[in-house]
Amino acid sequence: VQLQASGGGLVQAGGSLRLSCAASGHTFSNYNMGWFRQAPGKEREFVAATTWSGGGTVYGDSVKGRFTVSRDNAKNTVYLQMNSLKSEDTAVYYCAASLTGLLGPRAYDYWGQGTQVTVSS
C-alpha cells in the first residue's frame, strides 16, 4: 500500500485542520488505518485509528474529544479532523495501514511520508 498524507500546515492555537491520507496499490478496505505523530526529540505517538470498516475508532488520551478519525473506502482515503489545536499538537503526522492491528506503531505494515502540523500559541 502506498500512502500519501496531506493537509498539514501552520495554524493558530484553537484552530482546526483536516489531514487526509490517500491510499493506493492494495484494497484499502482491507486495512485498519492509523494516525501517529512525532515531535522533535520525542517518540512516535499514537493519535487515532479506525478499523477497516470505519465502524470502530480509538484515540490517544491527548487528543480525545478534539480529534476525529474517519475514512471513505470509496475514495481510498482516511481523514483526521483536528479541532481546538494546541501548541503541543505540533508534530509531523503520519498515516499508516495495518492488516491485523490497531494500536502501536509495530502493528502497522505501511507508512506514509508524513505531513507537518505547526500550532502557534
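One can find the structure itself at the top, above this paragraph.
Below or above, wherever it landed, is the structure these notes cover. This one's a predicted model, so the numbers in the text were calculated from it and none came from an experiment.

To continue, consider the sheet that holds strand β1 (residues 2–6). Read from one edge to the other, the open sheet built from 4 strands follows the order β1-β3-β8-β7, with strand pairing classed as antiparallel. The sheet is open, and its two borders are formed by β1 and β7 (67–72), each paired with just one other strand. Sheet twist, expressed as the mean angle between neighbouring strand axes with direction ignored, is 15°. Strand direction decides the pairing type here: β1 and strand β3 (residues 17–24), joined by 5 bridges, are antiparallel. Pairing of glutamine 4 across the sheet is with alanine 22, part of β3.

Right, let's get into the environment of threonine 100. Along the polypeptide, threonine 100 turns up in the loop between β9 (91–98) and β10 (110–111). Between the alpha carbons of threonine 100 and threonine 51 there is a distance of 9.6 Å; along the sequence they are 49 residues apart.

This part covers the pattern of salt bridges. What the rule picks out here adds up to 4 salt bridges. Between arginine 37 and glutamate 45 there is a salt bridge; the shortest N-O distance is 2.8 Å. Residue arginine 37 is classed as buried on the basis of its relative accessible area of 5%. A relative accessible area of 31% means that glutamate 45 is categorised as partly exposed. Between arginine 37 and aspartate 89 there is a salt bridge, with the nearest N and O atoms lying 2.8 Å from each other. Here the residue arginine 37 occupies a position in strand β4 (residues 32–38), and aspartate 89 occupies one in the loop between β8 (77–82) and β9, the gap between them amounting to 52 residues.

Its place among the elements puts glutamine 38 in strand β4. Glutamine 38 gets classed as partly exposed once you look at its relative accessible area, which sits at 27%. Sequence separation between glutamine 38 and tyrosine 93 is 55 residues; the distance between their C-alpha atoms is 6.6 Å. Residues within four places of glutamine 38 in sequence aside, it is in contact with Glu43, Arg44, Ala91, Val92 and Tyr94. Within the local environment of glutamine 38, its side chain forms a polar contact with the side chain of arginine 44, the two groups lying 3.4 Å apart.

Rules used in this analysis
Residues numbered from 1 in each chain as written. Predicted model: local features only at pLDDT ≥ 70, side-chain atom pairs only at ≥ 80, totals over all residues. Heavy atoms only, no water. Pairing = 2+ DSSP bridges. Helix = DSSP H or I, 4+ residues; strand = E, 2+ residues; numbered from the N terminus. Axes fitted to C-alpha atoms, helices over the stretch in contact; angles between N-to-C directions. Salt bridge = Lys/Arg side-chain N within 4 Å of Asp/Glu carboxyl O. Buried < 20%, exposed > 50% of the residue type's maximum accessible area, 1.4 Å probe, protein only. Contact = heavy atoms within 4.5 Å. Polar contact = N/O pair within 3.5 Å; in protein donor to acceptor, adjacent residues only side chain to side chain.

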